[in-house]
Amino acid sequence: MKTSSQRMLTRIVHIMSGTMIGLYFYSPLGLDSSFQAAVKFIVIPLVAVSGLWMWKSEAIRKWIKHG
């Protein structure tokens, strides 16, 4: 996958996950226990990983390549 395509996919995942967190706080969906579990255990870690990847992807690639 090209770097530009990977960057665009990561941004889309990050924005969509952030939207899910917004729904958790600002909509009635936040009261649903299954939605709460999905946000806590899937969406929040996904936002963290995608954010770190956007921030440090080059350093991670170098570390993987040399490690």
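Here is what the cut-offs are and how they apply
- Residues numbered from 1 in each chain as written.
- Predicted model: local features only at pLDDT ≥ 70, side-chain atom pairs only at ≥ 80, totals over all residues.
- Heavy atoms only, no water.
- Patch = residues over 30% accessible without salt bridge, like charges linked within 9 Å, V, L, I, M, F, W, Y side chains within 5 Å.
- Areas by Shrake-Rupley, 256 points an atom, 1.4 Å probe, with all protein chains shown as cover.
- Salt bridge = Lys/Arg side-chain N within 4 Å of Asp/Glu carboxyl O.
- Helix = DSSP H or I, 4+ residues; strand = E, 2+ residues; numbered from the N terminus.
- Core = buried A, V, L, I, M, F, W, Y, C linked by side-chain atoms within 4.5 Å.
- Buried < 20%, exposed > 50% of the residue type's maximum accessible area, 1.4 Å probe, protein only.
- Contact = heavy atoms within 4.5 Å.
- Polar contact = N/O pair within 3.5 Å; in protein donor to acceptor, adjacent residues only side chain to side chain.
- Bend = angle between axes of the 7 residues up to and from the residue.
- Phe/Tyr/Trp six-rings, centres within 6.5 Å; stacked < 30°, edge-to-face > 60°.
- Lys NZ or Arg CZ within 6 Å of the ring centre and 35° of its normal.

J.: Help me understand a nonpolar patch on the surface in this model?
T.: Judged by side-chain polarity, Met8, Ile12 and Met16 come together as a nonpolar surface patch covering roughly 320 Å² of accessible area. By the secondary structure assignment, isoleucine 12 is in helix H1 (residues 3-26).

J.: What should I look at first to understand the nonpolar core in this one?
T.: If you look at soluble globular proteins, the nonpolar side chains tend to sit buried side by side. In terms of nonpolar packing, the biggest core is built from six residues, these being Ile21, Tyr24, Phe35, Val39, Val43 and Val47. Looking at this core, the elements that each hand over two or more residues are H1 and helix H2 (33-66). Of all the elements, H2 adds the most residues to this core, at four residues. Residues within four places of valine 43 in sequence aside, it is in contact with Ser17, Met20, Ile21 and Ala38.

J.: Just checking my understanding: could you explain the side chain of threonine 10 for this structure?
T.: On the secondary structure map, threonine 10 appears in helix H1. At 2.8 Å, the side chain of threonine 10 forms a polar contact with the backbone oxygen of glutamine 6. Once residues within four sequence positions are removed from consideration, threonine 10 is found in contact with Ser50, Trp53 and Met54.

J.: Is there a simple way to explain H2 in this structure?
T.: Count 3.6 residues to each turn of an α-helix, and residues three or four apart come out pointing the same way. Along its length, H2 shows its largest kink, about 80 degrees, at lysine 56. Among the residues making up H2, those that are buried are Phe35, Val39, Val43, Val47, Ser50 and Ser57. Buried residues along H2 sit against H1.

J.: Explain the packing of aromatic side chains here, please?
T.: For the structure on display, the rule yields one aromatic pair. An angle of 75 degrees between the planes, with centres 5.1 Å apart, marks the rings of tyrosine 24 and phenylalanine 25 as edge-to-face. For phenylalanine 25, a relative accessible area of 58% corresponds to the exposed category. Between the NZ or CZ atom of lysine 56 and the centre of the ring of tryptophan 55, over which it lies, the distance is 5.0 Å.

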